[in-house]
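Analysis of the macromolecular model
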Amino acid sequence: MKQIKNSILNHTKNLSPFTELEKSLILEAEKATANAYAPFSNFFVGAAILLQNGEIITGSNQENASYPNGLCAERVALNTYGNMRTEEKIVAMAITAKSKDFKIPEILSPCGACLQVMAEYVKRQNSDFRIIVFSEVGGYYYAEGVSTFLPFGFNLNRK
Ligand code: THU
């Protein structure tokens, strides 16, 4: 049998496997839930991106009365990063959510659309980045790359 992809999802209940920068990243994602505009779902998501130089960029979900026009926290953060046109690569991304109305899943995976957008940034910078998702119920799940969550994203390469 040939193994096609490595896909290891790690789990921890405490912060011990993380670097100091990653701990700050997780904290920033948690703080970003307070910026969410989620009056329709009451599901408050925070995302934070860590760059090579230590800089952190955050995002939160922004909803709309016309529901499909809302945007997830991850894409708000990622496209804010894209708009900076910086050469600094993304090294990690942390995501968390809060809600009084919903049970937060044990593994709080980003949605498929956000994973596809992450995969585009992986391609653009030619290196994968660490994903840390965490919820009070499940603790911390983390993987070395986006491909653990999205093994076969869509990709177009011109001939
Ligand atoms: N949401 C995110 O921000 N990230 C995800 O990965 C999935 C869902 C938001 C979208 C919407 O505002 C709310 O959570 C409920 O779906």
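Everything that follows concerns the structure shown earlier in this document.
Not measured: the values here are computed from a predicted model.

Our focus in this paragraph is unusual backbone geometry. Phi at Arg85 is positive, roughly 50 degrees, even though this residue is not glycine. With respect to the helices and strands, Arg85 occurs in the loop between helix H2 (73-84) and strand E4 (90-98). The residue Asn126 is not glycine, and still its phi comes out positive at about 60 degrees. Relative to the helices and strands, Asn126 is located in the loop between helix H3 (112-125) and strand E5 (130-135). Accessibility expressed as a relative area gives 70% for Asn126, which makes it exposed.

Looking now at the nonpolar core. Within the largest apolar cluster, 28 residues are counted, with the highest numbers of intra-cluster contacts made by Ile49, Ile90, Met93, Ile95, Met118, Phe129 and Ile131. At the level of secondary structure, the elements contributing two or more residues to this core comprise strand E2 (44-51), H2, E4, H3, E5 and strand E6 (139-143). Per-element accounting of this core gives the leading share, five residues, to H3. Each residue touching Ile95, except ones within four places of it in the same chain, is listed here: Ala29, Val45, Gly46, Ala47, Glu74, Leu108, Pro110, Met118, Ile131, Ile132, Val133 and Phe134. Residues Ile26, Ala29, Phe134 and Tyr140 belong to the second largest nonpolar core, which totals 12 residues.

Taken as a whole and assessed by the stated rule, the structure comprises five salt bridges. Salt-bridge contacts for Lys23 lead to Glu20; the nearest nitrogen and oxygen are separated by 3.1 Å. Here Lys23 and its partner Glu20 are both found in helix H1 (residues 20-32), three residues apart, which amounts to about one turn of the helix. When its relative accessible area of 58% is taken as the criterion, Glu20 is described as exposed. Two residues, Arg130 and Glu22, come together in a salt bridge whose shortest N-O distance is 3.0 Å. Linking Arg130 in strand E5 with Glu22 in helix H1, this pair joins segments that are 108 residues apart in sequence. Of the two residues, Arg130 and Glu22, neither departs from the other in class, the shared state being buried.

Bridge count between E2 and strand E3 (residues 56-60): five bridges; the pairing is antiparallel. The residue of E3 that forms the bridge with Ala47 is Gly59. The hairpin formed by E2 and E3 contains four residues between the paired strands, and Gly54 there has a positive phi angle of roughly 95 degrees.

About the thresholds
- Residues numbered from 1 in each chain as written.
- Predicted model: local features only at pLDDT ≥ 70, side-chain atom pairs only at ≥ 80, totals over all residues.
- Heavy atoms only, no water.
- Helix = DSSP H or I, 4+ residues; strand = E, 2+ residues; numbered from the N terminus.
- Buried < 20%, exposed > 50% of the residue type's maximum accessible area, 1.4 Å probe, protein only.
- Core = buried A, V, L, I, M, F, W, Y, C linked by side-chain atoms within 4.5 Å.
- Contact = heavy atoms within 4.5 Å.
- Salt bridge = Lys/Arg side-chain N within 4 Å of Asp/Glu carboxyl O.
- Pairing = 2+ DSSP bridges.

Nothing here speaks to function; it is all geometry.
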